[in-house]
Amino acid sequence: MRMSRYFLPTLKEDPSEAQIVSHRLMLRAGMIRQSSAGIYSWLPLGLKVLRKVEAIVREEQDAAGCQELLMPTIQPAEIWQESGRYDDYGAEMLRIRDRHDRDMLFGPTNEEMITEIVRAHIRSYKDLPKNLYHIQWKFRDEVRPRFGIMRGREFLMKDAYSFDLTYEDARATYNRMFVAYLRTYARMGLKAIPMAADTGPIGGDLSHEFIILADTGESEVFCHKDLLEIDVLGESVDYDSDLQPVVDRWTNMYAATDEKHDPAEAAKLGDNLIKARGIEVGHIFYFGTKYSKAMNASVVGPDGDQVFPEMGSYGIGVSRLVGGLIEAFHDENGIVWPEAVAPFGAGIINLKSGDEACDTVSADLYAKLQAAGCDPIYDDRDVRAGAKFADMDLIGIPWQIVVGPRGVKNGVVEFKNRASGEREEISAESAMARLTA
Ligand code: 5CA
């Protein structure tokens, strides 16, 4: 992408409405634009990161044996009346009436809708298990939308729903999702800790929230410090094997959100206890037959009897993760994207646009990096060098190649790592080789 053509409305000043760093930087980097309270447009740079996060989530769901579908955002009230949640959900649900006076709603979650689909198509235990997910916008009329897309009213969620024949099978599914979640966050460079959590309006008595520690987090959390040391990606996972030992390794150590916090139990940890704030980036639930029974979604069991599938649901805050990543990865100059989710693989800064030698070297690097699939962004604008440096740092591109007249004369460019700030003078060819190795 040539920056001269890119829609990247960066801001020099800190916007006054932003209280936390991720909100501030998303506005300053031209990633989002507020439409109304808790509702945002995703501008090109923001959308690119959102799609990268989504792709990692999708790959790990698929690897764990889930299948993607896409359910609508607008749901009929009837299915929620069947489950009993139409009234229970309260003011957070955005209720809509269509031209035929039918009660509809903008879905805050999809337990009812998926149960209705499964009820219509799955009749026999032989069709189980199933684990279906989608990545779709949700609406919750939050009392206090805040912190930009962190607590939005409209937000992107990955939600999966599982149907198993027995309690044991459902627990094995829960374990698979538990492990898939650990891998998903770790691939983005995040340490997300599963913590015992309250089930709220989703229901059931078993759930874990996945929390990344950050001072700006909304939840108060408590956990054993060794949980921060576990290397998730160090070992490969066989989703067909018994994953209980992996889950046990995590759940045997104390970790709880404030609703589930047990001060007496936590005190036993002594110096090993971490008390911190955290951002909830995912939440998984096992709730048994709560929805399958209420909505009469039974299958014929092995003995010809009627069986209600054992269910769970599994959410990831895809849009919230973009904010969570910035909370975890930034410095005083802006965002520092981990490579896995960076909007562009490299940034080329032409210090003297219009200078023939600089233009030639920059354009050549740009073309070659593009051809190599590195997805570079090329700052070819006619603005001062300082502004180019500031913007490239602000938008957090992991590698920068600075092309200036003096370097070009000596056959070198400056190769800079955004995270460490390290700079080296190397040839344009070596810079290419480093980025495409
Ligand atoms: N149906 C279940 C699991 S699929 C469910 O809705 N769970 S949830 O309510 O815990 O939401 C799942 C995830 O969505 C949360 O862990 C959080 O990361 C994200 N989320 C929830 N509310 C918001 C919000 N207002 N803004 C941004 N993300 C949110």
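Our structure's up above, just so we're on the same page.
Predicted, not measured: the structure shown is a model, and the values here were computed from it.

### Comments concerning the side chain of Ser83
Thought 1: For Ser83, the position within the fold is in helix H3 (residues 77-83).
Thought 2: Judged by its relative accessible area of 16%, Ser83 is buried.
Thought 3: A polar atom in the side chain of Ser83 sits 3.2 Å from the backbone nitrogen of Arg85.
Thought 4: Of note is the side chain of Ser83, whose polar atom sits 2.6 Å from the side chain of Glu112.
Thought 5: For Ser83, the contacting residues outside a window of four places in its chain are Glu112, Tyr291, Ala294 and Met295.

### Concerning unusual backbone geometry
Comment: phi is negative for the bulk of residues other than glycine, and the bulk of peptide bonds are trans.
Thought 1: Put simply, Leu128 and Pro129 share a cis peptide bond, and its omega is 0°.
Thought 2: The topology assignment puts Pro129 in the loop between helix H5 (111-121) and strand E7 (130-139).
Thought 3: One non-glycine residue, Asn296, lies in positive phi territory at about 50°.
Thought 4: On the basis of relative accessibility, which here comes to 49%, the residue Asn296 falls in the partly exposed class.

### Focus: helix H2 (residues 44-63)
Thought 1: Helix length check: H2, at 20 residues, gives a terminal C-alpha distance of 29 Å against a target of 28 Å (1.5 Å per residue), a fit within 8%.
Thought 2: Every buried residue of H2 is accounted for by Leu45, Gly46, Val49, Leu50, Val53, Glu54, Ile56, Val57, Glu60 and Gln61.
Thought 3: Those residues of H2 hidden inside the fold are in contact with strand E2 (39-42), E7, strand E8 (154-164), helix H6 (167-187), strand E16 (310-317) and helix H10 (318-328).
Thought 4: Once H2 ends, the next one or two residues include Gly65, with phi positive near 95°.

### Digging into the packing of aromatic side chains
Thought 1: Tallying each qualifying case throughout the model produces 12 aromatic pairs.
Thought 2: Ring geometry for Tyr174 against Tyr314: centres 6.5 Å apart, planes inclined by 55°, an arrangement best described as tilted. Of this pair, Tyr174 sits in helix H6 while Tyr314 sits in strand E16, and the two are 140 residues apart along the sequence. Each member of the pair, Tyr174 as well as Tyr314, carries the same accessibility label: buried.
Thought 3: Seen in terms of ring centroids, Tyr185 and Phe210 are 5.9 Å apart; in terms of plane orientation they differ by 35°. Their pairing is tilted. You can see Tyr185 sitting in helix H6 and its partner Phe210 sitting in strand E10 (residues 206-213), a full 25 residues away along the chain.
Thought 4: With a relative accessible area of 0%, Phe210 lands in the buried category.
Thought 5: Taken together, Phe178, Tyr181, Tyr185 and Phe210 form an aromatic cluster joined through their ring pairs.
Thought 6: Over the ring of Phe344 we find Lys48, and its NZ or CZ is 4.0 Å from the ring centre.
Thought 7: A cation over an aromatic ring shows up here: Arg171 above the ring of Tyr174, its NZ or CZ 6.0 Å from the ring centre.

### Section: the sheet that holds strand E19 (residues 346-350)
Thought 1: Taken in spatial order, the five strands make up an open sheet running E20-E19-E21-E22-E23, and their pairing is mixed. The outermost strands of the open sheet, each flanked by one partner alone, are strand E20 (376-379) and strand E23 (423-426). Put simply, the sheet's adjacent strands are angled 20° from each other on average, direction ignored.
Thought 2: Across the face of the sheet, helix H12 (residues 385-394) comes into contact with E19, E20, strand E21 (399-403) and strand E22 (413-417) while running at roughly 175° to E19.

### Focus: the packing of helix H11 (residues 356-371) against helix H14 (residues 428-436)
Thought 1: At a closest axis distance of 11 Å, the pairing of H11 and H14 adopts a crossing angle of 25°. As the angle between them shows, H11 and H14 are arranged roughly parallel. In the crossing of H11 with H14, the sense of the turn from one axis to the other is right-handed. Across the interface between the two elements, Val361, Leu365, Lys368 and Leu369 from H11 touch Ala428, Met432, Leu435 and Thr436 from H14.
Thought 2: Residues belonging to the contact of H11 with H14 are distributed by class as follows: six nonpolar, one polar and one charged.

Basis of the calculations
Residues numbered from 1 in each chain as written. Predicted model: local features only at pLDDT ≥ 70, side-chain atom pairs only at ≥ 80, totals over all residues. Heavy atoms only, no water. Helix = DSSP H or I, 4+ residues; strand = E, 2+ residues; numbered from the N terminus. Buried < 20%, exposed > 50% of the residue type's maximum accessible area, 1.4 Å probe, protein only. Polar contact = N/O pair within 3.5 Å; in protein donor to acceptor, adjacent residues only side chain to side chain. Contact = heavy atoms within 4.5 Å. Expected span 1.5 Å × (residues − 1). Phe/Tyr/Trp six-rings, centres within 6.5 Å; stacked < 30°, edge-to-face > 60°. Lys NZ or Arg CZ within 6 Å of the ring centre and 35° of its normal. Pairing = 2+ DSSP bridges. Axes fitted to C-alpha atoms, helices over the stretch in contact; angles between N-to-C directions. Parallel < 35°, antiparallel > 145°, perpendicular 65-115°, else oblique. Left-handed = near helix turned anticlockwise from the far one by under 90°. Nonpolar A, V, L, I, M, F, W, Y, C, P; charged D, E, K, R; others polar.

Everything listed is a geometric property; what it means functionally is a separate question.
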